[in-house]
Amino acid sequence: MKADLVLYNGKILQMNGEGLLQEAVAVKDGKILDVGKNSEIKAYMGHNTEIINLKGRTAIPGFIDSHVHLVPTGLNGLGLNLKRVKSIRDILNLIKKKLETPKNGNVIWGVGLDELSLKEKRFPTRYELDSIAPEIPVFISRVEYHTIVVNSCAFHKINLPFNLEGIEKDSKGLPTGRLHHHASSIARKKLFEMIPEEKRQEGVELTINQAIRRGVTTVVAMEGGFLFHDNHAELLIKHRDSLPVDIELFYQTTDVDKVISHNLPRIGGCIFLDGSFGSRSAALFEPYQDKPQCQGNLYFSQEEVDEFVIKAHEKNLQIAIHAIGGRAIQQILSAYEKALSKIPRRDHRHRIEHFELPTDDQIKKARELGIIVSVQPAYEYMWGWAGGMYEIRLGKERCKRANPFKKLIDSGLLLAGGSDSDVTPINPLLGIHSAVNHPHSESRITPYQALKIFTINGATAIFQEKSKGTIERGKIADIAVLENNPLEVDTDAIKDIKVDYTIKNGKILYVACGAEE
């Protein structure tokens, strides 16, 4: 039998055992035909075989990003990028420039703002936004979505009840334009309703192309729900089979019947039990370092969480829930324990998304319950450094306990890696780099462990380890070719490794400039 595609003269990291390397791989009909030495695999070469000489490069299983907000990422890619602004004046200038462009649309949205990086160390007010854009709605989103600032035009279009929780007011009792909690959720939904479907599709295609360039062949999409919009999930249900990579959907709703009606095997994702450190809304056991009167928020009662979890569990759905702070983690662990006690399921693979600040007892309980932990290592790269947002919010000692990857793995928990795009970019090599170079040495893991969380562990976390996640005979031929081996380069250079090829189902989707020379 001759292969459709052969990759040879390389380093094939199969990810089915540390230290195991092969030289070549053959692909037939979208599946791995064989893996072995160059001399063995050359026997599969025929006249019609496409051949790639790896020239010493490293082939690994296609990356799996286990936590992506795909449609919002796409839309945000079409909005104003505020990740590098240094002042409120910079924000206003970008809005002014957008207003001056033809076809600027009926709404302006900016994303990725971290107010701590601004000279003023605060959000703009609605009056400042009004000074540039008095007649078109403007929405400015904090980097992790939990806080939004709007101008007066947007505020009036949203039409929020004046006493709704989450509307910040000034000393005169007037709205500043800053919205969080329920007010932020409603504002985001209104924003998404203003954006036409063709823009949503354009954004998805843009994001998928970016993911492919990063070696990603499977995207676990968290769509719909509290801070987003259900039309995002519906869009992917409608179009995912036509996209060039696999889209595995978690519908972010507590409506179990809706998910069953779509014949989906899983539910949840970022169903927010709490918020984030950046917005001081992650539910902590102890107050925030920089705001002692605040311990964050729980968005559901224990009874509400229990009711949802038991109903979804009874329907044999895989469940994923967002929990960052210790109080939220305790809430979901309690709900999972009650459901599993009532209806035991040996291989449920229920998940907790983020699990950033667990106690030792919570780690132990998660292991006992068989919970999968979905982690986003690039958070530490973005905010975990000395003097960074984690230290500001949590303090020097408590921030050392955040994202304790080594402790989680040593306890026996299975970790799946994701980006939480576009909170951090879809870039598994950055995630791997971040886990290996955690700012706190006691939480660092090995490069091989980090590779696992973005390959085979990601597959296991969605019940697909028998078909993907390793390069083995009979598995789907999802492969990323890297210019260097992440297990061999200096650990501080992992994030700089270039993806040269991305192969999905045996088809080459991406070739980096110069890779074929």
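Reference entry: report on the structure contained in this document. All values derive from a computational prediction rather than experimental measurement. (Residues numbered from 1 in each chain as written. Predicted model: local features only at pLDDT ≥ 70, side-chain atom pairs only at ≥ 80, totals over all residues. Heavy atoms only, no water.)

**Examining the overall build of the protein**
Secondary structure assignment for the protein yields 18 helices and 24 strands. For a compact globule of 517 residues, the expected C-alpha radius of gyration is about 24 Å, and the protein comes in at 23 Å, within 12% of that figure. When each of the 517 residues of the protein is scored for burial, the buried share is 59%. Residue pairs in contact within the protein that sit at least 24 positions apart in sequence constitute 70% of those at least 6 positions apart. Of the roughly 20800 Å² that the protein leaves accessible, carbon and sulfur atoms contribute 47%. (Helix = DSSP H or I, 4+ residues; strand = E, 2+ residues; numbered from the N terminus. Rg over C-alpha atoms; globule rule 2.2 N^0.38 Å. Buried < 20%, exposed > 50% of the residue type's maximum accessible area, 1.4 Å probe, protein only. Contact = heavy atoms within 4.5 Å. Areas by Shrake-Rupley, 256 points an atom, 1.4 Å probe, with all protein chains shown as cover.)

**Thoughts on the sheet that holds strand β2 (residues 11-13)**
If you walk across this open sheet you meet the six strands as β3-β2-β7-β22-β23-β24, and the pairing is mixed. Every other strand in the sheet has two partners, leaving β3 (21-22) and β24 (507-511) as the edge strands with one partner each. Where β2 meets strand β7 (residues 58-61), two bridges bridge the pair, whose relative direction is parallel. When the sheet's bridge partners are listed, Lys11 is paired in β7 with Thr58. (Pairing = 2+ DSSP bridges.)

**Brief notes about the pairing of strand β1 (residues 5-8)**
Residues Leu5 and Leu7 of β1 are buried on one face, and the alternating residues Val6 and Tyr8, pointing to the opposite face, are buried as well. In the sheet, β1 pairs with strand β6 (residues 50-53) via four bridges, with the strands oriented parallel. Pairing of Tyr8 across the sheet is with Asn53, part of β6. As judged from the three bridges shared by β1 and strand β4 (residues 24-28), these two strands associate in the antiparallel manner. Considered in β4, the bridge of Val6 is made with Ala26.

**Considering helix α16 (residues 428-436)**
Counting buried residues along α16, nine of its nine residues qualify, which places the element largely inside the surrounding structure. Taken residue by residue, α16 has Pro428, Leu429, Leu430, Gly431, Ile432, His433, Ser434, Ala435 and Val436 as its buried positions.

**Examining the packing of helix α7 (residues 197-213) against helix α8 (residues 230-239)**
Packing of α7 against α8 leaves a shortest axis separation of 11 Å and a crossing angle of 65 degrees. Between α7 and α8, the interaxial angle falls into the category roughly perpendicular. The handedness of the crossing between α7 and α8 comes out as right-handed. The segment α7 lies against α8, with Glu197, Arg200, Gln201 and Val204 engaging Asn231, His232, Leu235, Leu236, Lys238 and His239. When the residues that make up the contact of α7 with α8 are grouped by side-chain class, the tally is three nonpolar, four polar and three charged. (Axes fitted to C-alpha atoms, helices over the stretch in contact; angles between N-to-C directions. Parallel < 35°, antiparallel > 145°, perpendicular 65-115°, else oblique. Left-handed = near helix turned anticlockwise from the far one by under 90°. Nonpolar A, V, L, I, M, F, W, Y, C, P; charged D, E, K, R; others polar.)

**Thoughts on the sheet that holds strand β9 (residues 80-81)**
In spatial order, the strands read β9-β10-β11-β12-β14-β13; together these six strands make up an open sheet with mixed pairing. At either end of the open sheet lies a strand with only one pairing partner, and these are β9 and β13 (167-169). As paired strands, strand β11 (residues 138-142) and strand β12 (residues 147-150) are joined by three bridges and run antiparallel to one another. Bridge assignment links Phe139 to a residue of β12, and that residue is Val150.

**Some points on the environment of Leu333**
Here Leu333 is to be found in helix α11 (residues 326-342). On the accessibility criterion, Leu333 (2% relative accessible area) is buried. In this structure the C-alpha to C-alpha distance between Leu333 and Glu144, which are 189 residues apart in sequence, comes to 24 Å. Residues within four places of Leu333 in sequence aside, it is in contact with Ile352, Gln362, Lys365, Ala366, Leu369 and Ile371.

**Some words on the nonpolar core**
Burial of nonpolar side chains together is a common tendency in soluble globular proteins. Within the largest apolar cluster, 133 residues are counted, with the highest numbers of intra-cluster contacts made by Phe139, Phe277, Ile332 and Ile479. At eight residues, α11 tops the list of elements feeding residues into this core. Each residue touching Ile479, except ones within four places of it in the same chain, is listed here: Leu7, Val25, Val27, Ile32, Ala59, Ile60, Pro61, Gly62, Ile471, Tyr501, Thr502 and Ile503. (Core = buried A, V, L, I, M, F, W, Y, C linked by side-chain atoms within 4.5 Å.)

**Points about the pattern of salt bridges**
Close approach of charged atoms allows side chains with opposite charge to pair. Enumeration over the complete set of coordinates arrives at 33 salt bridges. In this structure, Glu197 and Lys238 form a salt bridge, with 3.6 Å as the shortest nitrogen-oxygen distance. One end of the pair, Glu197, is in helix α7; the other, Lys238, is in helix α8, and 41 residues separate them in sequence. For Asp410, the salt bridge is made with Lys406, and the minimal N-O distance between the two is 2.7 Å. (Salt bridge = Lys/Arg side-chain N within 4 Å of Asp/Glu carboxyl O.)

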